[in-house]
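Listed below are the residues making up each chain.
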Amino acid sequence: MYQWFVFVIFSFSTNLGILFHQDQKAHRAILKVLDPFSVEWKEPELGEWTLMTKLADRLNIPVKVAMVGKYTGLSDSYLSVLKALLHASVALNRKLVIDWVPVSDLEDATKEENPKNHQASWNLLEDLFNQARNSRNLDNS
C-alpha cells in the first residue's frame, strides 16, 4: 500500500528551505515511506546547518567564478562543483557569483560565426584572471 504526501516547495536563495520542510515534518514522512520496518529515527540536528544558511543569506561581498563548460545551459551538469564552490564561498564569508561561459564561445569557429560572444567570453575570463592576480598581489603586500 502506497502512502502519498504533499509538501509545499519554496524557492530559496540558499538551502534554507530544508528548515521549512523540517517544520512540515517532511523528513518523517520520507523516512516512513523508505523504512518499511518503522525503525525509530531521532530528529535531525540542524543547528550548524541553520547557522550556515543564515550566514549565506546575509553575505554581500562577492567572489566571482567563471565556469567554462560544454553543458553550461543544463542546471544539474555541474551541481557537485557548484555545491563545493558555494560551501567554500560561505566558509570565506563571500557571496558566490557564477559567470557561465560555454566552451564553444572560446573556440576559433565562434570568432568567425559570432565575434561578439567570442570577445565577450574572452574579456570576462581576462577580467576575472586580472582580479584574482590583483587580489593575490594585495594579499602578499
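Residues numbered from 1 in each chain as written. Predicted model: local features only at pLDDT ≥ 70, side-chain atom pairs only at ≥ 80, totals over all residues. Heavy atoms only, no water.

(A) Looking closely at helix α4 (residues 79-91). Taking 1.5 Å per residue, 13 residues should reach 18 Å; α4 reaches 18 Å between its end C-alpha atoms and fits that length. Those residues of α4 that fall on the buried side of the exposure criterion are Leu82, Ser89 and Val90. The buried residues of α4 occupy an angular sector of 95° when projected down its axis, which confines them to one face. Opposite its buried face, α4 presents the exposed residues Ser80 and Ala91, each directed more than 90 degrees away. (Helix = DSSP H or I, 4+ residues; strand = E, 2+ residues; numbered from the N terminus. Expected span 1.5 Å × (residues − 1). Buried < 20%, exposed > 50% of the residue type's maximum accessible area, 1.4 Å probe, protein only. Arc of directions from axis to C-beta.)

(B) Broad picture of the packing of aromatic side chains. The full count for this structure, using the stated rule, is 1 aromatic pair. Between tyrosine 78 and tryptophan 100 the ring centres are 6.0 Å apart and the planes differ by 40°, which places this aromatic pair in the tilted class. In this pair, tyrosine 78 is assigned in the loop between β1 (62-69) and α4 and tryptophan 100 in strand β2 (residues 95-102), connecting sequence segments 22 residues apart. On the accessibility criterion, tryptophan 100 (35% relative accessible area) is partly exposed. (Phe/Tyr/Trp six-rings, centres within 6.5 Å; stacked < 30°, edge-to-face > 60°.)

(C) Seen up close, helix α3 (residues 47-58). Helix length check: α3, at 12 residues, gives a terminal C-alpha distance of 17 Å against a target of 16 Å (1.5 Å per residue), a fit within 8%. Restricting attention to buried positions, one finds in α3 the residues Thr50, Thr53 and Ala56. Considered in projection along α3, the buried side chains sweep an arc of 130° and stay on one side of the axis. Opposite its buried face, α3 presents the exposed residues Glu48, Leu51 and Arg58, each directed more than 90 degrees away.

(D) Highlighting unusual backbone geometry. Notably, asparagine 93 is not glycine yet its phi reads approximately 55°, a positive angle. Inspection of the secondary structure assignment puts asparagine 93 in the loop between α4 and β2.

(E) Geometry of the side chain of aspartate 99. Considering the arrangement of structural elements, one finds aspartate 99 in strand β2. A distance of 3.4 Å separates a polar atom in the side chain of aspartate 99 from a polar atom in the side chain of lysine 64. Apart from residues lying up to four places away in sequence, aspartate 99 is in contact with Lys64, Val65, Ala66, Met67, Leu124 and Leu128. (Polar contact = N/O pair within 3.5 Å; in protein donor to acceptor, adjacent residues only side chain to side chain. Contact = heavy atoms within 4.5 Å.)

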